[in-house]
Amino acid sequence: MNKYVCITGGTKGIGKAVAICLAQSGYSLLLTYGSDQASAEKTRQELEEGYDVKVLTLKADSTDRASIEVVGQFLEVNDILLDAMVFNAGITCRDPFEEMSLEEWERVFFANVHYPVFLLQRIVGRIRKGGSVVFTGSLMGVHPHSVSLVYGTTKSAVHALVRNLVKHLTPYDIRVNGVAPGFVDTEWQKTKPAEIRRNIENKISLNRFCEPGELAEVYKMLIENNYLNGEVIVVDGGYSYK
Ligand SMILES: NC(=O)c1ccc[n+]([C@@H]2O[C@H](COP(=O)([O-])OP(=O)(O)OC[C@H]3O[C@@H](n4cnc5c(N)ncnc54)[C@H](OP(=O)(O)O)[C@@H]3O)[C@@H](O)[C@H]2O)c1
């Protein structure tokens, strides 16, 4: 019987690193992505060539309500039961407070909070008993974000969701946890100017960004450890202690 994990935003960055880590342990994967089909296909090939697992990719834009049904139907049609569901895809908006529109605020809230809640509601019956759900939160859901009000607020909501969902997932025998990464060296961060990156590094005790692979092991532990439930694990290189 194939062990299966679905990772939203699983084709790049943190999601891809989690996918590699799980493929190494024999998990087959469903990786969703927003728009970049070429990268998704490259990731799929890389994983299937490197490991003895099945890897499926699916375009499912988390800003689009219709993609909830796309994922739900895909799991049903392919008769996939999941050992874990990783809600990792997230978006941001850096518009200043004074210029933030209600539409943008709602778009980010939808993608980061509403989408995982209602996708989970749609697919909860496709997660095996004893399985688990893992959310990607953020250190910026613990400390206020210096620029994006909506990003920090939605990530705080994600952390609250993890704790509030425990009660609702216990009847299904499903655990739920989260990871709150600090600054991880993915495309998301690589596009920042060198000076801003240096400022960030100067605030981290370990003086460097996290490698996606270093984070991936934490997701695997949350998926496999049967007693972790309702936790949000901060992985920030000692950001708070410098
Ligand atoms: N990097 C950090 O420092 C950091 C820190 C804390 C938390 N996080 C969180 O970690 C998660 C992943 O970030 P990352 O740094 O790994 O980003 P990334 O390297 O840019 O990768 C993003 C992944 O998410 C997908 N994605 C983007 N927009 C999407 C959408 N609207 N719908 C569905 N999928 C979408 C991308 O696919 P396409 O390219 O095809 O759209 C890609 O697979 C996010 O929730 C982010 O908030 C990141």
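For the structure, see preceding data.
Described below are features of the structure shown in this document.

A separate point is the packing of aromatic side chains. Tallied over the full model, the rule gives 5 aromatic pairs. Here the aromatic rings of Phe 183 and Tyr 239 are separated by 5.7 Å at their centres, their planes lie at 40°, and the arrangement is tilted. In this pair, Phe 183 is assigned in the loop between β6 (175–181) and α6 (187–190) and Tyr 239 in the segment after β7 (232–235), connecting sequence segments 56 residues apart. An aromatic cluster is defined as three or more aromatic residues linked by ring pairs; in this entry it consists of Phe 183, Phe 209 and Tyr 239. Here the basic side chain of Lys 3 rests over the ring of Tyr 27, its NZ or CZ set 4.2 Å away from the ring centre. Stacked on the ring of Phe 209, the Lys or Arg Arg 197 has its end atom at 4.2 Å from the ring centre.

A full pass over the atoms with the stated rule returns 1 cavity of 30 Å³ or more. Size it by volume and the largest cavity reaches roughly 50 Å³. Taken together, Phe 87, Ala 89, Gly 90, Asn 112, Pro 116, Phe 135, Thr 136, Lys 155 and Val 158 make up the lining of the largest cavity. Its residues placed into classes, the lining of the largest cavity shows 5 nonpolar, 3 polar and 1 charged.

Remember that side chains alternate between the two faces of the sheet whenever the strand is regular. In terms of burial, strand β2 (residues 27–33) is largely enclosed, as 7 of its 7 residues are buried. The alternating pattern of β2 places Tyr 27, Leu 29, Leu 31 and Tyr 33 and Ser 28, Leu 30 and Thr 32 on opposite faces, both of which are buried. For strand β1 (residues 3–8) and β2, the ladder comprises 6 bridges, and the chain directions are parallel. Paired with Thr 8 across the strands is Thr 32, a residue of β2. Both β2 and strand β3 (residues 55–59) contribute to a ladder of 5 bridges, which runs parallel. Counted as the bridge partner of Tyr 33 is Lys 59 from β3.

For the rest of this paragraph, the subject is the nonpolar core. A general feature of soluble globular proteins is that nonpolar side chains tend to end up buried together. By size, the foremost hydrophobic cluster in this structure holds 41 residues, and its most contacted members are Leu 82, Met 85, Leu 119, Val 133, Phe 135, Leu 169 and Val 176. Secondary structure elements with two or more residues in this core: β1, β3, α3 (66–77), β4 (82–87), α4 (102–123), β5 (127–136), α5 (149–169) and β6. A per-element tally of this core places α4 first, with 9 residues. Ignoring any residue separated from it by four or fewer positions in sequence, one finds Leu 119 in contact with Thr 8, Ile 68, Val 71, Met 85 and Phe 87. By size, the runner-up hydrophobic cluster in this structure holds 29 residues, among which are Ile 14, Val 18, Leu 29 and Ala 216.

For the rest of this paragraph, the subject is the layout of surface pockets. One number sums up the size of the largest pocket: a volume of about 1,300 Å³. Around the largest pocket, the lining is made up of 49 residues, and of these Gly 90, Ile 91, Tyr 151, Thr 186 and Trp 188 lie nearest the centre. Mapped by element, the contributors of at least two residues to the lining of the largest pocket are α1 (13–24), β2, α5, α6 and α7 (194–203). Counting residues per element, the lining of the largest pocket draws most heavily on α6, at 4 residues. Looking at the lining of the largest pocket, its residues break down into 16 nonpolar, 22 polar and 11 charged.

This part is about the packing of α3 against α4. Interhelical geometry of α3 versus α4 gives an angle of 35° and a closest axis separation of 9 Å. Of the two elements, α3 crosses α4, and the hand of that crossing is right-handed. On α4, the residues that touch Ser 67, Ile 68, Glu 69, Val 71, Gly 72, Gln 73, Leu 75 and Glu 76 of α3 are Phe 110, Tyr 115, Phe 118, Leu 119, Arg 122 and Ile 123. The residue makeup of the contact of α3 with α4, split by class, is 8 nonpolar, 3 polar and 3 charged.

A few words now on the site of the ligand. Surrounding the ligand, one finds 31 residues, the nearest of these being Lys 12, Asp 36, Asn 88, Tyr 151 and Thr 186. Note that an oxygen atom of the ligand is positioned 2.7 Å from one of the backbone N or O atoms of Asp 36. Taking Gly 90, its main chain carries an N or O atom lying 3.2 Å from an oxygen atom of the ligand. Contact with the protein chains hides 91% of the accessible area of the ligand, taken as 900 Å² for the molecule alone. When atoms are counted within 2 Å of each cavity's grid points, the one that captures over half of the ligand is the largest pocket.

Rules and cut-offs
- Residues numbered from 1 in each chain as written.
- Predicted model: local features only at pLDDT ≥ 70, side-chain atom pairs only at ≥ 80, totals over all residues.
- Heavy atoms only, no water.
- Phe/Tyr/Trp six-rings, centres within 6.5 Å; stacked < 30°, edge-to-face > 60°.
- Helix = DSSP H or I, 4+ residues; strand = E, 2+ residues; numbered from the N terminus.
- Lys NZ or Arg CZ within 6 Å of the ring centre and 35° of its normal.
- 1 Å grid on protein atoms, 1.4 Å probe; cavity = no way out; pocket = protein on both sides within 12 Å on 5 of 7 lines; lining within 4 Å.
- Points joined across faces, edges and corners; volume = space filled by probe spheres on them.
- Nonpolar A, V, L, I, M, F, W, Y, C, P; charged D, E, K, R; others polar.
- Buried < 20%, exposed > 50% of the residue type's maximum accessible area, 1.4 Å probe, protein only.
- Pairing = 2+ DSSP bridges.
- Core = buried A, V, L, I, M, F, W, Y, C linked by side-chain atoms within 4.5 Å.
- Contact = heavy atoms within 4.5 Å.
- Axes fitted to C-alpha atoms, helices over the stretch in contact; angles between N-to-C directions.
- Left-handed = near helix turned anticlockwise from the far one by under 90°.
- Near = heavy atom within 4 Å.
- Polar contact = N/O pair within 3.5 Å; in protein donor to acceptor, adjacent residues only side chain to side chain.
- Areas by Shrake-Rupley, 256 points an atom, 1.4 Å probe, with all protein chains shown as cover.
- Sits in = over half its atoms within 2 Å of the grid points.

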